[in-house]
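# Chain and residue survey
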Amino acid sequence: MRIRKSGVRLYAAAAVGILTVALASPVHADPAPSEGSECSMSGATRFAKGQTFICERDGTQLRWSDGIRRSNSPLEVEDAWVKVMDSGMTSAFATITNPTDEPIRIVAARSIRFTPAMELHEVLMEDGAMQMQQKSGGFVVPAGETIVLEPGGDHLMLMKIKQSITAGEEVPIRLITADGGRVKFEAMGRVFAGANESYDDLSDGMDHGGMDHGGMDHGGMGMR
Amino acid sequence: MTDHDEDKVRRVSRRGLLTAGGAAFAGAAGGVVLGRVSAPDGAPLVAEPTPRSELSHVSPAGVSAQQTIDFYGVHQAGVDTPEQTYATFLGLNLISSSAQDADSVLRIVSDDAARLMAGRPSLGDTEPELAEIPARLSITVGLGHSLFEKTGRADRIPAYFPAIPSFSTDDLDERWSGTDFYLQIASDDPLTLAHAQRMMVKALSTLTTVSWVQPGFRSPTPANEGGRASRNLMGQVDGTVNPLPGSAQFDSAVWTGGDPMWAAGGTVVIVRRIRMLLDEWDRMDVAAKEMVIGRRLDNGAPLGGESEDDPVRLDVLDESGLPVIPSSAHVRIAHAESDEEMILRRPYTYDAGFIDGVQDAGLIFAAYTADPRRSFIPMQQRLADKDAFNRWNTTIGSATYLIPPGCAEGDYIASGLFT
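Residues numbered from 1 in each chain as written. Chains lettered and ligands numbered in written order. Predicted model: local features only at pLDDT ≥ 70, side-chain atom pairs only at ≥ 80, totals over all residues. Heavy atoms only, no water.

Turning our attention to the overall build of chain B. Along its length, chain B carries nine helices and 13 strands. Here chain B, with 419 residues, has 51% of them falling under the buried criterion. Counting contacts in chain B only where the partners sit at least 6 residues apart, residues at least 24 apart contribute 75% of the total. Surface accessibility of chain B: about 18,800 Å² in total, with carbon and sulfur atoms responsible for 52%. (Helix = DSSP H or I, 4+ residues; strand = E, 2+ residues; numbered from the N terminus. Buried < 20%, exposed > 50% of the residue type's maximum accessible area, 1.4 Å probe, protein only. Contact = heavy atoms within 4.5 Å. Areas by Shrake-Rupley, 256 points an atom, 1.4 Å probe, with all protein chains shown as cover.)

Let us look at the overall build of chain A. For chain A, the count of helices and strands is two helices and 16 strands. Counting the 224 residues in chain A, one finds 50% classified as buried. Nonlocal contacts in chain A, meaning residues at least 24 apart in sequence, comprise 65% of its contacts between residues at least 6 apart. For chain A, the exposed area adds up to about 10,000 Å²; of that, 49% sits on carbon and sulfur atoms.

Moving on, we get to the side chain of B:T151. All names here are of chain B. Structurally, the position occupied by T151 is in the loop between helix 3 (145–150) and strand 5 (181–187). On the basis of relative accessible area, T151 is assigned to the buried category, the value being 7%. Within the structure, the side chain of T151 is placed 2.6 Å from the backbone oxygen of L147, a separation counted as a polar contact. At a separation of 3.4 Å, a polar atom in the side chain of T151 contacts the main-chain carbonyl oxygen of F148. For T151, the contacting residues outside a window of four places in its chain are L94, S97, S98, A99, A102 and F418. (Polar contact = N/O pair within 3.5 Å; in protein donor to acceptor, adjacent residues only side chain to side chain.)

On to the nonpolar core, then. Within soluble globular proteins, side chains that are nonpolar tend to cluster in buried spots. Ranked by internal contacts, the top residues of the largest apolar core, which has 51 residues, are B:I139 and B:F181. One finds A:L120, A:F139, A:L158 and A:I173 within the second-largest nonpolar core, a separate group that totals 28 residues. (Core = buried A, V, L, I, M, F, W, Y, C linked by side-chain atoms within 4.5 Å.)

All names here are of chain A. This prediction gives chain A a mean pLDDT of 82; 75% of its residues lie at or above 70. Per-residue pLDDT stays below 50 along residues 6–24; that stretch engages in 26 contacts with residues further than four places along the chain or on separate chains. Confidence drops under a pLDDT of 50 for residues 199–224, and excluding neighbours within four residues, the segment shows 59 contacts in the predicted structure. (pLDDT = per-residue confidence, 0-100.)

Between B:D259 and the following residue, B:P260, the backbone shows a cis peptide bond with an omega angle of 0°. Phi at A:K160 is positive, roughly 40°, even though this residue is not glycine. Along the polypeptide, A:K160 turns up in the loop between strand 14 (155–159) and strand 15 (170–177).

It is worth spelling out the packing of aromatic side chains at this point. All names here are of chain B. Within this structure, the stated rule accounts for twelve aromatic pairs over all chains. Taking 6.3 Å as the distance between ring centres and 40° as the angle between the ring planes, the aromatic pair formed by F148 and W262 counts as tilted. Separated by 114 residues along the polypeptide, F148 in helix 3 and W262 in the loop between helix 5 (248–254) and strand 9 (267–276) bring together distant segments of the chain. Classification of F148 by relative accessible area gives buried; the value is 0%. (Phe/Tyr/Trp six-rings, centres within 6.5 Å; stacked < 30°, edge-to-face > 60°.)

As a further point, take the pattern of salt bridges. As enumerated under the stated definition, the model contains 19 salt bridges over all chains in all. Of the charged contacts in the structure, one is a salt bridge between B:D112 and A:R190, with a shortest N-O distance of 2.5 Å. Residue B:D112 is found in helix 2 (residues 99–117), and its partner A:R190 is found in strand 16 (residues 181–190); the two belong to separate chains. For A:R190, a relative accessible area of 3% gives the class buried. (Salt bridge = Lys/Arg side-chain N within 4 Å of Asp/Glu carboxyl O.)

This part is about empty space enclosed by the protein. All names here are of chain B. Here the structure, examined in full by the defined rule, presents four cavities of 30 Å³ or more. In this model, the largest cavity occupies a volume close to 370 Å³. Every residue lining the largest cavity is counted, 25 residues in all, and those nearest its centre are I274, H330, Q380, L383 and D387. At the level of elements, strand 9, helix 8 (330–334), strand 12 (358–369), helix 9 (376–386) and strand 13 (393–403) are the ones that each hand at least two residues to the lining of the largest cavity. (1 Å grid on protein atoms, 1.4 Å probe; cavity = no way out; pocket = protein on both sides within 12 Å on 5 of 7 lines; lining within 4 Å. Points joined across faces, edges and corners; volume = space filled by probe spheres on them.)

Turning our eyes to something else, we now look at helix 4 (residues 190–203) of chain B. Compared with an ideal rise of 1.5 Å per residue, which puts 14 residues at 20 Å, helix 4 of chain B spans 20 Å between its outermost C-alpha atoms and is within 8% of the ideal. Residues of helix 4 of chain B that are buried include every one of B:T192, B:L193, B:H195, B:A196, B:Q197, B:M199, B:M200 and B:A203, and no others. In this structure, the buried side of helix 4 of chain B is in contact with strand 16 of chain A together with strand 3 (86–94), helix 2, strand 4 (138–143), strand 5 and strand 6 (208–217) of chain B. Backbone nitrogen of B:L191 and a side-chain oxygen of the N-cap are separated by 2.8 Å at the start of helix 4 of chain B; the cap is B:D189. (Expected span 1.5 Å × (residues − 1).)

Shown next as structure tokens:
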């Protein structure tokens, strides 16, 4: 993850408290999962009863997390875009700034119109090849700093997209932080030749070896 | 290394480049790592590029390398912007006939233009470093008649955006004709321009195809206000009589009025590709050329005048009673007969190699007007009828576009037109 030093903009703790009191707009309401029940897609989320539930790995099972009470996140998101794709999965990128004096951990992301589940990924060099995998613990944005999600680095993964994402399309995405904070932004669909699952894909087609996508079948990637 | 040593390195570096080649070769053969060798006089020599500070310039743009033009504003950039040294004109066609796709094109173009013009990379920029020298980059987008028609919006075509008739002197090649979209990308740095062009064509590649690309360049003459006029390949000083940006005359000549409201503050651009018959022009002597143009070649002064900015005096007669500026001279025919006829000329030279041994070069003549019905069309009709220049110039391409007004930050060009 590339961390960019930005002018440190510290909000007074009190101001943060006020900002996080209420959500600006009503959000989609999902059925609330029963406590600790199994779920099927890593990274899936449910918004219910003012709380967020995240489908997480628990040993060999995927289970719904305990609900985390929602609030408005002070994170600031800019330069967001998502790779144009017909079907399968695709990735999204953005510049995220934490203007507060406490680190903020992003644990999930959601774009319910376009995907049933989003994952937080990192890219690692493994056996001489670049491979993507879920980043344990999510993305931490240090106090007063900016992180850049970019091709070849940390990124958001939209799994099994429900509809094609075309150039110029605005894809609404919400980030969810460990303390239940949510921030919404729009990522613009952009044609991009890179940000492939692994470089092997360019010649060998899909190869999920070395990937940790929770054993999911992701289907084919479009627009390669 | 001490300061003294560093001085020594710098002093020998020029000569070192020559000797280092041989020394490095010998060194490499002996298994020595290339890059640090000794000059024959024993001074340490580091084979490295000349420091930036010693180069005469780092960008062809010179002083304007870091200058930026605002994308956001009442009008689009690239019209009242002082002409950049390089400009590329592109005609693109929408692959589908979907209004939503047309809207996506405008969103992408606006987003890319705002970033690149500010000297920042576009979203997903694969070569972000090439965005670092904006050099007055401007990106202007225009809409062709065919776009309105194919997206079912022909009823939104303003009356002041008519089809331009063909003229008797035209020899139009379909290759350079009207398209759905128009992009005009200009900068004082040609690499910046090429990068912006590549990023935008790539970003639009699922929505549009490129029909034509016309790269051009210019070199201003210093005499004119702001150095706006330039010479073309015939040696002619071209574009002297232009409305001055910011003046009331400019505003009424160039920017469109309030009907329809959505297009107010825009303009209409006519892009003509004019091939010059340079080998024929070469047969003429200077005096004859000046009679054709109506201006002196050396300083651009109108015949009968002293300097480029002198008024064009059409009524002055010589001793024999003939007009000093001949009746068929280009400046006479092209002279606006009223303020209504004023247009903004923003010509660029093109030089596209040779066709069957004949040079293919000339002018990309971009004219901007609030209403071509009262300006460009009557003027061009007169030129077609009488201009002495026609013998050495052939218009081979013509395309016309509506340039919508600018937009505010957070918005995009022509938002709402296709949604």
